[in-house]
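Report on the structure
Listed below, chain by chain, are the residues.
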Amino acid sequence: MTELETLEERSLADITAASDLDTLEGVRVGTLGKKGTVSAQMKQLGGMDAEQRKVMGPALNGLKNRVGDAIASRHEELKRAAIEARLVSERVDVTLPVQAGPQERGRIHPITQVMDEITAIFADMGFAVAEGPDIETDYYNFTALNFPEGHPAREMHDTFFFNPDENGERRVLRTHTSPVQIRTMEKQQPPIRIVIPGKTYRQDSDATHSAMFHQLEGLVIDKTANIANLKWTLQEFCRTFFEVDDVNMRFRPSFFPFTEPSLEVDIQCDRSGAEVKFGEGDDWMEILGSGMVHPNVLRAGGLDPDEYQGFAWGIGIDRIAMLKYGMPDLRPFFEADQRWIDHYGFRPLDMPTLFGGLSA
């Protein structure tokens, strides 16, 4: 067997043995590339005499063409095999159901949903939504709300204090949304009808309390606002929010520095089963605090208590969300567990309305 025959046999064997396109490319470069074995033979033609070139020229060109054709043929085979393997590995079962899109999979957090529900209820009553800063001064958080310096009522709140500033004053993470009442009275002349949803902070943490929680307060300031208006407002809110035809409420005397008189509000319920049912039963559950705005608070807001009076109330959004939707523990609200939000969350496009249903 001549040298060219041996070279051709070895080259064709390497081509046949190539199992993928990358390996085949390596064989092509090793044979037909600039430094390949066949190319090296072609370069020797320049040193041959005329008679040798007549014999070796056609032989080398034939070898080059046969190796090139073998490489091209093997390339097509491997290309088809690669496509078939890809089709198998990327095969899609068209009988499977179509995956839901982001709008379908996404969920609204129950706290956001409940805030929207509350806003819809009070907006229908003519209330506006007011907001304020989470970091407050001692004045707005305590003093202006009738918590004098050294007053024991300040101990009712486990407060997060910041370090004193250059003037020795300490700011706080607000312990309630009540500071917005003062800020609103300073900027707006009565009549005032606002609800104030927002985050509040206290040093407390267990199954029903968290260091950061959500609260909603309401404020009405007018020349004729009275206890009867307060009771009707709260009764309509509870009836609409808990989606019952009627609800009985019980108002008990209490104490809050910023209201006088102050009232704790209980709602009739049935706790005999696995769920708490409102508007029926023989039990009572405390759900919020309320009262007539204290004259000192009106003065702090720049209003004359001899001319204006008002009422206010405060309710924990997290707590009423738990009551309405049967959530036994507050802590999962803040754990970002996808399984929990899938179970308790709300569809993004199901916006609460009074005519369509709050929790539809």
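Keep in mind that this is a model prediction, so the values were computed, not measured.

Across all of its chains, the model carries 14 salt bridges by this definition. Glu307 is paired through a salt bridge with Lys223; the nearest N and O atoms lie 3.5 Å apart. With Glu307 in the loop between α10 (295–300) and β10 (309–316) and Lys223 in the loop between β5 (212–222) and α9 (227–241), this residue pair connects regions lying 84 residues apart in the sequence. Glu307 sits in the partly exposed class, given a relative accessible area of 36%. By relative accessible area, Lys223 is classed as partly exposed at 48%. Put simply, Glu286 and Arg252 hold a salt bridge, and the shortest N to O gap is 3.6 Å.

With that settled, the discussion passes to the side chain of Thr159. Within the secondary structure, Thr159 sits in the loop between α7 (138–141) and β3 (172–173). Among the residues examined, Thr159 registers a relative accessible area of 9% and is labelled buried. The contact partners of Thr159, leaving out residues within four places of it in the chain, are Phe142, Val172, Leu173, Thr175 and Gln203.

By size, the foremost hydrophobic cluster in this structure holds 45 residues, and its most contacted members are Ile118, Phe237 and Trp313. Of all the elements in the fold, those that place two or more residues in this core are α6 (110–124), β5, α9, β7 (259–270), β9 (283–293), β10, α11 (317–325) and α12 (338–344). Counting residues per element, this core draws most heavily on α11, which supplies six residues. Listed in part, the 23 residues of the second largest apolar core include Phe147, Leu219, Ile221 and Tyr308.

This paragraph deals with unusual backbone geometry. Here Pro190 and Pro191 are connected by a cis peptide whose omega angle stands at 10 degrees. Within the fold, Pro191 resides in the loop between α8 (179–187) and β4 (192–201). Omega for the bond connecting Glu260 with Pro261 falls within 30 degrees of zero, at 0 degrees, which places this linkage in the cis form. Examined against the element boundaries, Pro261 turns out to sit in strand β7.

This next bit is on the packing of α6 against α11. At a minimum axis distance of 10 Å, the contact between α6 and α11 shows a crossing angle of 95 degrees. Taken together, the axis directions place α6 and α11 in an arrangement best described as roughly perpendicular. Contacts between α6 and α11 pair Ile111, Val114, Met115, Glu117 and Ile118 from the former with Ile317, Asp318, Ile320, Ala321, Lys324 and Tyr325 from the latter. Classifying every residue of the contact of α6 with α11 gives eight nonpolar, no polar and three charged.

This part is about the layout of surface pockets. Computed from the structure, the second largest pocket encloses a volume of approximately 300 Å³. Contributing to the lining of the second largest pocket are 14 residues, with Glu275, Val276, Leu323, Lys324 and Gly326 lying nearest its centre. Looking at the lining of the second largest pocket, the elements with two or more residues in it are β8 (277–278) and α11. With four residues, the top contributor of residues to the lining of the second largest pocket is α11. Looking at the lining of the second largest pocket residue by residue, the class counts come to eight nonpolar, two polar and four charged.

With that settled, the discussion passes to the pairing of β10. Where β5 lies against β10, eight bridges are found, and the strand directions are antiparallel. Residue pairing for β10: Leu216 is matched across the bridge by Ile315. Alignment of β9 against β10, held across five bridges, turns out to be antiparallel. Paired with Leu288 across the strands is Ile315, a residue of β10.

Cut-offs applied
- Residues numbered from 1 in each chain as written.
- Predicted model: local features only at pLDDT ≥ 70, side-chain atom pairs only at ≥ 80, totals over all residues.
- Heavy atoms only, no water.
- Salt bridge = Lys/Arg side-chain N within 4 Å of Asp/Glu carboxyl O.
- Helix = DSSP H or I, 4+ residues; strand = E, 2+ residues; numbered from the N terminus.
- Buried < 20%, exposed > 50% of the residue type's maximum accessible area, 1.4 Å probe, protein only.
- Contact = heavy atoms within 4.5 Å.
- Core = buried A, V, L, I, M, F, W, Y, C linked by side-chain atoms within 4.5 Å.
- Axes fitted to C-alpha atoms, helices over the stretch in contact; angles between N-to-C directions.
- Parallel < 35°, antiparallel > 145°, perpendicular 65-115°, else oblique.
- Nonpolar A, V, L, I, M, F, W, Y, C, P; charged D, E, K, R; others polar.
- 1 Å grid on protein atoms, 1.4 Å probe; cavity = no way out; pocket = protein on both sides within 12 Å on 5 of 7 lines; lining within 4 Å.
- Points joined across faces, edges and corners; volume = space filled by probe spheres on them.
- Pairing = 2+ DSSP bridges.

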